[in-house]
Amino acid sequence: MKFIVSSASLLNLLQSTGKVISSKNTLPILDYFLFELSGNELKITASDLETTIEGRLEIENVEKEGIIAIPARRVLDTLREFSDQPLTFEANENTWEVSISWKSGKLVIPGTSGLSYPKPAALDDTEKNELSISSEDLRAGIEKSIFATAEDEMRPVMNGIFINITEDGFTFVATDAHKLVRCGIKDETNGVVSSFILPKKPANLLKNILGKEDAEIKMEFDKRNVIFTLQKYILICRLIEGTYPNYNAVIPTNNPNKLLVDRVELLNSIRRVAVCSNPATNLIKLDINNECIKLTAQDIDYSVSAEESMQCQYDGEPLVIGFKSTFLTEILANIETEQVVVELADSTRGGVFMPVSDVECKYDILMLLMPMIINS
């Protein structure tokens with residue numbers, strides 16, 4: 001194998017694909033990138049067995065095709081030290097040594113045969129579903145829901161994003177039993193009606209590479225795996241198996257108390273007051289009446305407290321409710337509109353947060369946050 005490539009282009013591709021590599025791989029070969037050069041296309045693969053990313057790069061100057069595995073950390077550390085310049089890669093098929101040379105120097109690193117690199121999972125043609133979604137919609141669905149996923153070994157189904165596909169479009173759902181996000185996107189699904197749970201790690205990887213794409217994303221999946229095909233990347237991952245909780249059942253529908261407030265002002269007030277909250281609970285109390293919200297937090301152990309009042313529009317009975325400030329901050333930070341409406345029933349039931357805008361929003365977003373008990 002021998003070719004010439006831009007150091008910046010290659011580094012960009014390796015950094016995107018290399019994020020899948022685990023620090024504790026079960027197979028030594030997974031600490032390597034798989035380089036496959038065929039024609040003018042260089043395909044670079046990285047995997048942790050559960051998730052595989054394939055990146056593609058067009059090479060203008062190819063002298064010899066081939067396949068080899070190159071140590072991921074060593075090649076990344078090397079490329080980070082280069083300004084953008086042409087590099088010549090040459091692999092010896094007998095010794096598996098990889099030579100990287102440039103205008104003023106050369107280095108040699110040990111590679112290994114790429115033939116033992118694990119193959120990505122294949123889909124079952126009898127169970128396969130296939131459809132497309134815009135990169136903008138897929139990224140939005142992941143970005144707006146991923147922060148609400150759990151880290152629960154006992155309930156693995158909650159450690160990913162539930163993607164429900166109907167004839168009307170897509171619904172992205174995530175919950176950790178304290179907060180819940182539901183993001184609906186109206187789109188054509190070619191009549192596909194199905195669902196799957198996308199694990200958090202590949203969802204994060206996908207979110208990062210989607211920022212570099214602006215075309216339709218091809219999505220294929222069966223009961224065990226999903227394949228996302230982008231312009232320059234292919235992501236293949238194992239799905240989380242199991243039945244996702246009935247999320248609609250926990251969203252309260254009868255919420256007579258409605259609060260309309262400036263989102264940024266409320267978010268900043270919470271951040272200021274939360275400095276004095278108890279580090280163990282992060283409890284912040286909201287005392288809401290017709291025109292005002294009073295936010296209070298205290299840490300009795302250190303004799304510190306804080307309070308702040310702000311204007312609002314409120315239709316309902318006076319209400320005092322407590323929330324975990326870190327969760328409340330996450331909810332408000334992941335809503336983009338200037339104003340937000342909070343629907344409340346009482347101090348023991350979850351608050352429903354929804355964006356409010358004069359412009360019609362493409363996404364139907366609902367966020368739910370469960371309250372905390374306030375000790376008298």
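Read on for a plain summary of the structure. (Residues numbered from 1 in each chain as written. Predicted model: local features only at pLDDT ≥ 70, side-chain atom pairs only at ≥ 80, totals over all residues. Heavy atoms only, no water.)

**Things to note about helix H2 (residues 72-79)**
Test applied: Relative accessible area decides the class of each residue, using a 1.4 Å probe on protein chains only: under 20% of the type maximum gives buried, over 50% gives exposed, and in between gives partly exposed. Helix and strand definitions here come from DSSP, where helices need a minimum of 4 consecutive H or I residues and strands a minimum of 2 consecutive E residues; each element is numbered from the N-terminal end. Here, the arc refers to the directions that run from the helix axis to the C-beta atoms. Contacts were defined at the residue level, with two residues in contact if any of their heavy atoms lie within 4.5 Å.
Residues of H2 that are buried include every one of Ala72, Val75, Leu76, Thr78 and Leu79, and no others. Projected onto a plane normal to the axis of H2, the buried residues spread over an arc of 160° and lie on a single side. In this fold, the buried residues of H2 make contact with helix H1 (7-18), strand E2 (32-38), strand E6 (66-71), strand E7 (86-91), strand E8 (97-102) and strand E9 (105-110).

**So, the sheet that holds E7**
Short version of the rule: At least two DSSP bridges between two strands are required for those strands to pair. Lines fitted to C-alpha atoms define the axes here, with helix axes fitted over just the stretch in contact, and angles between the N-to-C directions of these axes take values from 0 to 180 degrees.
Spatially, E5-E1-E7-E8-E9 is the arrangement adopted by the five strands of the open sheet, whose pairing is antiparallel. This sheet does not close on itself; its edge strands, each paired only once, are strand E5 (61-64) and E9. On average, each strand axis in the sheet is inclined to that of its neighbour by 20°, with strand direction left out of account. Pairing between E8 and E9: six bridges, direction antiparallel. Considered in E9, the bridge of serine 101 is made with lysine 106.

**A look at the packing of aromatic side chains**
Going by this rule: A pair of Phe, Tyr and Trp rings is counted when the ring centres sit within 6.5 Å of each other, with Trp represented by its six-membered ring. The angle between the planes then sorts it: under 30 degrees is stacked, over 60 is edge-to-face, the rest tilted.
Across all of its chains, the model carries seven aromatic pairs by this definition. Geometrically, the ring pair formed by phenylalanine 323 and phenylalanine 353 is edge-to-face, given 6.2 Å between the ring centres and 65° between the ring planes. Highlighted residues: phenylalanine 323 in strand E23 (residues 319-324) and phenylalanine 353 in strand E25 (residues 351-356), separated in sequence by 30 residues. Pair check on accessibility: phenylalanine 323 and phenylalanine 353 agree, each one buried.

**Re the pattern of salt bridges**
Applied cut-off: Salt bridges are defined as contacts in which a side-chain nitrogen from Lys or Arg sits within 4 Å of a carboxyl oxygen from Asp or Glu.
The full count for this structure, using the stated rule, is 21 salt bridges. For glutamate 220, the salt bridge identified is with lysine 218, shortest N-O distance 4.0 Å. Residue glutamate 220 is classed as buried on the basis of its relative accessible area, which comes to 11%. Of the residues examined, lysine 218 reaches a relative accessible area of 34% and is grouped as partly exposed. Its salt-bridge partner being glutamate 308, residue arginine 272 comes within 2.7 Å of it at the nearest N-O pair. You can see arginine 272 sitting in helix H5 (residues 263-273) and its partner glutamate 308 sitting in strand E21 (residues 304-311), a full 36 residues away along the chain. Given a relative accessible area of 48%, arginine 272 falls into the partly exposed group.

**A look at unusual backbone geometry**
Positive phi, normally seen in glycine, also occurs at alanine 177, with a value near 80°. Tracing the sequence through the fold places alanine 177 in the loop between strand E12 (169-175) and strand E13 (179-186). The exposure class assigned to alanine 177 is partly exposed, which follows from its relative accessible area of 41%. Phi is positive for serine 303, close to 55°, though the residue is something other than glycine.

**Some thoughts on the sheet that holds strand E4 (residues 51-58)**
Each strand in a sheet pairs with its neighbour through backbone hydrogen bonds, running either in the same direction (parallel) or in the opposite one (antiparallel). Strand order in the open sheet made by the eight strands is E6-E2-E3-E4-E17-E16-E15-E10, with antiparallel pairing throughout. The open sheet terminates on both sides in strands that have one partner only, identified here as E6 and strand E10 (129-134). Geometrically, the sheet is characterised by an average inter-axis angle of 20° between neighbouring strands, direction not taken into account. In the sheet, E10 pairs with strand E15 (residues 216-221) via six bridges, with the strands oriented antiparallel. In the sheet register, serine 132 faces E15, and the bridge partner there is lysine 218. Along the sheet, H1 makes contact with E2, strand E3 (41-47), E4 and strand E17 (233-238), crossing E4 at roughly 170°. Packing of helix H4 (residues 200-210) onto the sheet brings it into contact with E4, E15, strand E16 (225-229) and E17, and relative to E17 it is tilted by some 170°.

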